[in-house]
Amino acid sequence: MPHAARPTVTLHDVAAAAGVSVATASRVLGGGSRKVAPDYEARVLAAAAALRYTVDASARAMRRGSDSVALVADDLTTPSMGIIVAAMERRASMAGAFVTVSSTRATPERQLDTVRQLRALRPRALVLTSSRFEAGALGGRLLKELLAYEREGGRIVIVGGTDMPFSSIGFDDHGAGRTVGTFAARSGHRRVAIFAGNHARMSMSARVTGIVQGLREGGLDEHDIRIVECEVSRQGGFDAAARMAASGMAGTDAVLAVNDVIAIGALSAFRAAGVAVPGDVSVTGVDDIQLASDVTPRLTTVALPLARVGALSIRLALARTPRLRRLVVRGELVVRESTR
């Protein structure tokens, strides 16, 4: 004869066996934050064990959400994002949470699809990082999805520029560029090329505008400033510098790159072409990734507080009392041997 199925034991059964209210049993077995008297806790646990009660983890997740913080980023392979993610993971671990990561390749459609998928998993918070999040993107559908997630109890923090109604931490990219331009002009450089990356990226565009402003305020004429678009990668910087070296440099005495990765590629190309840095041309970057201080010559750059922003994003996401915060962090010039 087959065994009869064991009746499902409910939370009410456990509470009755322990002689406590259902609310008390729920706080003990459901992982609630409110404390229960030790004798009540012992009675509930004993009753649950005797009745072979199993907590429904999926139902508990639906009530409380998970202990994960989901990071949605344009590109997880960049050194600057690696610094941010590492800091996020350290901070989340200290708070008893963990970080999951998703890449969207900077396309609004993939951002929307990713947020929709993550909503179904009910992470405790979403941290979105991109050069710019627009409320009107995709006809407002991304904003609508995020607002629905927030109404369900989720928390949202944006790292980057945004006009959305969520807490955000932005970098002063224009200020970082202006710092580089001002330094180059005051250092006596008079014919400058800006390795601008991709102008479609808001952060890159803001840095270029800032560099130009700093150079012009330092006395350079417009015709002495050349803007060179390139891929936002080490290879992009290498290719742009190799073309410049092959054309004879045209009197260029400084290359100001919009990030360190492009600048490091340029250093490599100049070395291969026999162009001395900083003897023939100075090179600068922005970000201050680890490699900036390991290359030869070490790279002059504007250090952005990437690790601090990663940790701060988690602190805002997990704050017990949420409130709207709009923060902008600034960089600091670090002068090394790549500039004269």
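The rules behind each value
Residues numbered from 1 in each chain as written. Predicted model: local features only at pLDDT ≥ 70, side-chain atom pairs only at ≥ 80, totals over all residues. Heavy atoms only, no water. Core = buried A, V, L, I, M, F, W, Y, C linked by side-chain atoms within 4.5 Å. Buried < 20%, exposed > 50% of the residue type's maximum accessible area, 1.4 Å probe, protein only. Helix = DSSP H or I, 4+ residues; strand = E, 2+ residues; numbered from the N terminus. Contact = heavy atoms within 4.5 Å. 1 Å grid on protein atoms, 1.4 Å probe; cavity = no way out; pocket = protein on both sides within 12 Å on 5 of 7 lines; lining within 4 Å. Points joined across faces, edges and corners; volume = space filled by probe spheres on them. Nonpolar A, V, L, I, M, F, W, Y, C, P; charged D, E, K, R; others polar. Expected span 1.5 Å × (residues − 1). Arc of directions from axis to C-beta. Polar contact = N/O pair within 3.5 Å; in protein donor to acceptor, adjacent residues only side chain to side chain. Pairing = 2+ DSSP bridges. Axes fitted to C-alpha atoms, helices over the stretch in contact; angles between N-to-C directions. Right-handed = clockwise from strand over helix to strand, strands pointing away. Parallel < 35°, antiparallel > 145°, perpendicular 65-115°, else oblique. Left-handed = near helix turned anticlockwise from the far one by under 90°.

Draft legend 1. The arrangement of the nonpolar core in detail. With 69 residues, the main nonpolar core has Phe-195, Leu-215 and Phe-270 as its most contacted residues. Examining the composition of this core, we find that seven residues originate from one element, helix H11 (residues 260-273), more than from any other. Those residues in contact with Phe-270, other than ones at most four positions away along the chain, are Ala-241, Met-244, Ala-245, Met-249, Val-255, Val-275, Val-277, Val-281 and Val-283. Core analysis: the second largest hydrophobic core is formed by 17 residues, Ala-70, Leu-112, Ala-135 and Leu-146 among them.

Draft legend 2. Main features of the layout of surface pockets. Each pocket or cavity is described by its volume, and for the largest pocket that value is around 1,100 Å³. Forming the walls of the largest pocket are 50 residues, and the residues nearest its centre are Asp-74, Ser-130, Ser-131, Ser-203 and Met-204. Among the elements of the structure, helix H5 (79-94), helix H6 (108-121), strand S3 (125-133), strand S4 (155-162), strand S5 (167-171), helix H8 (173-186), helix H9 (202-217) and strand S11 (326-329) are those that each provide at least two residues to the lining of the largest pocket. Tallied by class, the residues present in the lining of the largest pocket amount to 23 nonpolar, 16 polar and eleven charged.

Draft legend 3. Quick look at helix H10 (residues 234-246). Here H10 spans 18 Å end to end across 13 residues, near enough to the 18 Å set by a 1.5 Å rise per residue. Every buried residue of H10 is accounted for by Gly-236, Gly-237, Ala-240, Ala-241, Met-244 and Ala-245. Across the axial projection of H10, the buried residues extend over an arc of 160°, all falling on one side. More than 90 degrees from the buried face of H10, the exposed residues found are Arg-243 and Ala-246. Taken together, the buried residues of H10 touch strand S6 (192-197), strand S7 (225-229), strand S8 (254-257) and H11. The positive-phi residue at the C-terminal boundary of H10 is Gly-248, with phi of around 95°.

Draft legend 4. Quick look at the environment of Asp-74. Residue placement: Asp-74 occurs in the loop between strand S1 (68-73) and H5. Considered as a pair, Asp-74 and Leu-316 are 242 residues apart in the sequence and their alpha carbons are 21 Å apart. Among all residues touching Asp-74, those that are not within four sequence positions of it are Ser-103, Thr-104, Arg-105, Ala-106, Gln-111, Thr-129, Ser-130 and Ser-131. A polar contact is formed between the side chain of Asp-74 and the side chain of Ser-130, at a distance of 2.8 Å.

Draft legend 5. Quick peek at helix H7 (residues 141-151). Taken together, the buried positions of H7 are occupied by Leu-142, Leu-143, Glu-145, Leu-146, Ala-148 and Tyr-149. One or two residues past the end of H7 sits Gly-153, with phi positive at roughly 110°.

Draft legend 6. Just the sheet that holds S5, in detail. Spatial ordering of the open sheet is given by S2-S1-S3-S4-S5-S11, a layout of six strands whose pairing is parallel. Each edge of the sheet is formed by a strand with only one pairing partner; in this case those strands are strand S2 (98-103) and S11. Ignoring which end each strand starts from, the neighbouring axes of this sheet average 20° apart. Pairing of S3 with S4 involves seven bridges; the strand directions are parallel. Residue pairing across strands places Leu-128 opposite Ile-158, the latter belonging to S4. Taken strand by strand, H5 contacts S1, S2, S3 and S5, and its axis lies near 155° from that of S2.

Draft legend 7. Highlighting the pairing of S4. Here S4 lies mainly inside the structure; seven of its eight residues are buried. Read from S3 through H7 to S4, the crossover connection turns out right-handed. Pairing of S4 with S5 involves three bridges; the strand directions are parallel. In the sheet register, Val-159 faces S5, and the bridge partner there is Ile-169.

Draft legend 8. Spatial organisation of the packing of H10 against H11. Viewed as axis vectors pointing N to C, H10 and H11 meet at an angle of 40°, and their least axial separation amounts to 6 Å. On the basis of their axis angle, the class for H10 and H11 is oblique. Considering only the axes of H10 and H11, their crossing is right-handed. Counting all contacts with H10, which are made through Arg-234, Gly-237, Phe-238, Ala-241, Ala-242, Met-244 and Ala-245, the residues of H11 involved are Val-261, Ile-262, Gly-265, Ala-266, Ser-268, Ala-269, Phe-270 and Ala-273.

Draft legend 9. Looking closely at the pairing of strand S9 (residues 282-287). Across the six residues that make up S9, a large majority, six, are buried. Of the two faces of S9, the one lined by Ser-282, Thr-284 and Val-286 and the one lined by Val-283, Gly-285 and Asp-287 are each fully buried. Bridge analysis of S8 against S9 gives three bridges, and the strand direction is parallel. From the neighbouring strand, Ala-254 faces S9, where its bridge partner is Ser-282. In this region the chain leaves S8, passes through H11 and returns to the parallel neighbour S9; the handedness of that crossover is right-handed.

Draft legend 10. Layout of the environment of Leu-327. Checked against the element boundaries, Leu-327 lands in strand S11. By relative accessible area, which is 21% here, Leu-327 ends up partly exposed. Once the C-alpha coordinates of Leu-327 and Ala-307 are considered, the two residues, 20 residues apart in sequence, prove to be 15 Å apart. Contact partners of Leu-327, with chain neighbours within four places excluded, come to Ser-168, Ile-169, Gly-170, Leu-312 and Leu-316.

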